[in-house]
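Reading the structure
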Amino acid sequence: MNQFTSVHDVQDIRQLLKDALALKENPYSQQHLGKNKTLGLVFLNPSLRTRLSTQKAALNLGMNVMVMNMDKEGWALETQDGVVMNGATVEHIREAAAVMGQYCDILGLRSFPKLVNRDEDYNEDFFNKFIKYCNVPVLSLESATRHPLQSLADLVTIKETWKGKDKPKVVLAWAPHIKALPQAVPNSFAEWMCKAQEDGMIDFTIAQPRGYELNEDFTPGAHITHSLDDALKAADYIYVKNWSSYKEYGKVLTYPEGWMLNNEKLKGTNDAKVMHCLPVRRDLELSSEILDGPNSLVIHEAGNRLWAAQAVLKQMLEGLI
Ligand code: CP
């Protein structure tokens, strides 16, 4: 694997899941791969899970790791070409990315969308320029439109915990929030679940209020409904997440009551397990009774971020040999 920005970079999704679970059993078995190799993690936005799990994954593989909090410690970056840099920006991404590529064998990048101009965000301009100029393999730590390390950890969690005979019914359920959040996590989750559905692993449904429909490029083959109650019927896994409107880009629209998941709503499910990428706002996005109860998988899921990152880094390191 020479870059990891979406499920489309994965040749064999079942092998990647197998690698993640094998590394969970045997975390230090591949240390030879990372010897004398350096991972640089570049953050333009905050992080807890992605930062720590990816660092730990790299250390488990024998790599050296450097972290650059670009938003706080780096020079203000210019991303546009052909501009006279007589304003606030100090360094062009052409030089900044190229220099970081001189120090690192693999670079990870986190860059959230601005949620102002849909085309600009969905073109992934910043991410693509970084990839173009750094000249080393790039690992997405979450881009404007996708969060593939999270989605892989989510699929690992479903595969690991599902003990039923038939395929599990997996539901992505929109949830309320007070802030406008990106569509990256739900886009990416939908994209990975659609691929898993295509491979016969799961059945996938999305429940979203009117106005919050995701970009259809990310949801091929998904069952889509505007009724949360319908979606929850016989669900085995519920992936709770807020996102802002794609149609009225980046806006928080009004929405009907009753979209926060609680124990009452779980009654119509197949005793569903509940997932969330975290961070989560308790009793706004998801009820405390679920988070603190036996159906929650959120901590287990966050733990699997480590094995997802390690499986991806392992395949990227194998690509460097
Ligand atoms: N889920 C996730 O990516 O968490 P962080 O933003 O804390 O990295």
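Relevant structure appears above.
Residues numbered from 1 in each chain as written. Predicted model: local features only at pLDDT ≥ 70, side-chain atom pairs only at ≥ 80, totals over all residues. Heavy atoms only, no water.

Bridge count for strand S1 (residues 38–43) against strand S2 (residues 64–69) is six bridges, and the pairing is parallel. When the sheet's bridge partners are listed, Leu-41 is paired in S2 with Val-67. (Pairing = 2+ DSSP bridges. Helix = DSSP H or I, 4+ residues; strand = E, 2+ residues; numbered from the N terminus.)

A few words on the sheet that holds strand S10 (residues 237–241). Read across the sheet, five strands follow the order S9-S8-S7-S10-S11 without closing on themselves; strand pairing throughout is parallel. Sheet topology places strand S9 (223–225) and strand S11 (273–275) at the edges, where each strand pairs with a single neighbour. Direction aside, the axes of adjacent strands within the sheet are offset by 20° on average. Pairing of strand S8 (residues 203–207) with S9, which is carried by three bridges, proceeds in the parallel orientation. From the neighbouring strand, Ile-206 faces S9, where its bridge partner is Ile-224. Relative to S10, helix H7 (residues 148–161) is tilted by about 155°, and along the sheet it contacts strand S7 (169–174), S10 and S11. Contacts from helix H8 (residues 184–198) reach S7, S8, S9 and S10, with the element oriented near 155° to S8. (Axes fitted to C-alpha atoms, helices over the stretch in contact; angles between N-to-C directions. Contact = heavy atoms within 4.5 Å.)

Let us now look at the site of the ligand. Around the ligand, the surrounding shell consists of Ser-47, Leu-48, Arg-49, Thr-50, Arg-110, His-147, Gln-150, Cys-277, Leu-278 and Arg-305. In the environment of the ligand, an oxygen atom lies 3.2 Å from a nitrogen or oxygen atom belonging to the side chain of Arg-305. Against a free-state accessible area of 250 Å², the protein chains account for coverage of 92% of the ligand. Given that more than half its atoms are within 2 Å of the pocket grid, the ligand belongs to the largest pocket. The residue makeup of the shell around the ligand includes at least three contributed by each of domain 1 (3–146 + 305–320) and domain 2 (148–302). (Near = heavy atom within 4 Å. Polar contact = N/O pair within 3.5 Å; in protein donor to acceptor, adjacent residues only side chain to side chain. Areas by Shrake-Rupley, 256 points an atom, 1.4 Å probe, with all protein chains shown as cover. 1 Å grid on protein atoms, 1.4 Å probe; cavity = no way out; pocket = protein on both sides within 12 Å on 5 of 7 lines; lining within 4 Å. Sits in = over half its atoms within 2 Å of the grid points. Domains from an automatic or database assignment.)

This paragraph deals with a nonpolar patch on the surface. Among the surface-exposed residues, Met-66, Val-99 and Tyr-103 lie close enough to one another that they form a single nonpolar patch of about 300 Å² accessible area. Note on placement: Met-66 falls in strand S2. Assessed through its relative accessible area of 41%, Met-66 is described here as partly exposed. (Patch = residues over 30% accessible without salt bridge, like charges linked within 9 Å, V, L, I, M, F, W, Y side chains within 5 Å. Salt bridge = Lys/Arg side-chain N within 4 Å of Asp/Glu carboxyl O. Buried < 20%, exposed > 50% of the residue type's maximum accessible area, 1.4 Å probe, protein only.)

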